[in-house]
Amino acid sequence: MSAFNIEPYMVDPESDLEVETGQSEVSQEKRLLQDVSQWFHSKKDIMAGGLKSGDPEEEFVHSPFIRKQGNIYKPYNKDMDNDSINEKSMMDDVHTKEIDLVNRDPKHINDDVVKVDFEDVIAEPAGTYSFDGVWKASFTTFTVTKYWFYRLLTAVVGIPLALVWGIFFAILSFVHIWAVVPCIKSYLIEIHCVSRVYSICVHTFCDPLFEAMGKCFSNVRISTIKEV
């Protein structure tokens, strides 16, 4: 009897991989087509009669038409939105913030200028004391007069002066922003060109001259002899 050699059936792993890859691509294409068809049907229903009450709006995860980043005309930029919101809140705080009625000099600009008490103006050294009643009355008179006369002046002249100083600093800010800073910037740009030309001239004409003079004077030797 003749012996038959039965060889086992060998499976090529690369062919299986190609088949699986093709099947996965086909399944992805089918799923994408289903999502697109669902999207078109939902849009058609919305345009026809709108969503029915109680029906939640469907979300398609694989739909290529959903663009969370926005478009070129209206980008969806969270950083820009946050910056605009912060800037708007800062502007609102500047114009609507509450004034501190207790601490009216938070930056301490007038501590050493107009902070004057009775002890800073009038003082009696040892041995030259007045009557106690006179000293107390003088203290009370000085303090009360300074307090109420300052309030009277602020009530009469404070608001007009606030208006004048507001206009003055508004004009000053306008001149600084629209005139001074552009002039300084243009001056810096122009002087930069001049500095480049000046640097080229110095390196072209002055450097060789002074280098030659330095080499000439480097050979000069000075010696001193002291004669007794």
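What counts, and at which threshold
- Residues numbered from 1 in each chain as written.
- Predicted model: local features only at pLDDT ≥ 70, side-chain atom pairs only at ≥ 80, totals over all residues.
- Heavy atoms only, no water.
- Helix = DSSP H or I, 4+ residues; strand = E, 2+ residues; numbered from the N terminus.
- Buried < 20%, exposed > 50% of the residue type's maximum accessible area, 1.4 Å probe, protein only.
- Contact = heavy atoms within 4.5 Å.
- Areas by Shrake-Rupley, 256 points an atom, 1.4 Å probe, with all protein chains shown as cover.
- Salt bridge = Lys/Arg side-chain N within 4 Å of Asp/Glu carboxyl O.
- Phe/Tyr/Trp six-rings, centres within 6.5 Å; stacked < 30°, edge-to-face > 60°.
- pLDDT = per-residue confidence, 0-100.

Engineer: Help me understand the overall build of the protein chain in this model?
Structural biologist: Within the protein chain one finds four helices and zero strands. N-terminal to C-terminal, the α/β element order of the protein chain is α-α-α-α. For the protein chain, the residues scored as buried account for 4% of the 228 residues in total. Taking as baseline every contact in the protein chain between residues at least 6 positions apart, the subset at least 24 positions apart corresponds to 38%. For the protein chain, the accessible surface area stands at approximately 22,500 Å², while carbon and sulfur atoms represent 64% of it.

Engineer: Please clarify how the pattern of salt bridges should be interpreted in this entry.
Structural biologist: Opposite charge on two side chains permits them to pair, given that their charged atoms come into close proximity. By the definition in use, this model includes one salt bridge. Here Glu211 makes a salt bridge to Lys215, at a shortest N to O gap of 4.0 Å. Placement of both Glu211 and Lys215 in helix 4 (residues 132–218) is noted, with a separation of four residues, approximately one turn of the helix. Take Glu211: its relative accessible area is 49%, and that puts it in the partly exposed class.

Engineer: Can you walk me through the packing of aromatic side chains in this structure?
Structural biologist: The relation between two aromatic rings is expressed through the spacing of the ring centres and the mutual angle of the planes. Scanning the model with the defined rule gives eight aromatic pairs in all. Ring centres of Phe118 and Phe139 lie 5.4 Å apart, and the angle between their planes is 85°; on these two criteria the pair is classed as edge-to-face. Of the two residues, Phe118 is situated in helix 3 (residues 118–121) and Phe139 in helix 4; the sequence distance between them amounts to 21 residues. By relative accessible area, which is 4% here, Phe118 ends up buried.

Engineer: What should I look at first to understand the confidence of the model for the protein chain in this one?
Structural biologist: Atomic detail in the predicted coordinates should be set aside for any region of low pLDDT. The predicted model of the protein chain has a mean per-residue pLDDT of 75, with 63% of residues at 70 or higher. For the protein chain, the element scoring lowest by mean pLDDT is helix 2 (residues 78–96), at 59; helix 4 scores highest, at 93. Between residues 1–15, whose pLDDT stays under 50, and residues either more than four places distant or in other chains, the model counts one contact. Note on residues 50–74: pLDDT is under 50 here. Beyond four places in sequence and across chains, it has 21 contacts.

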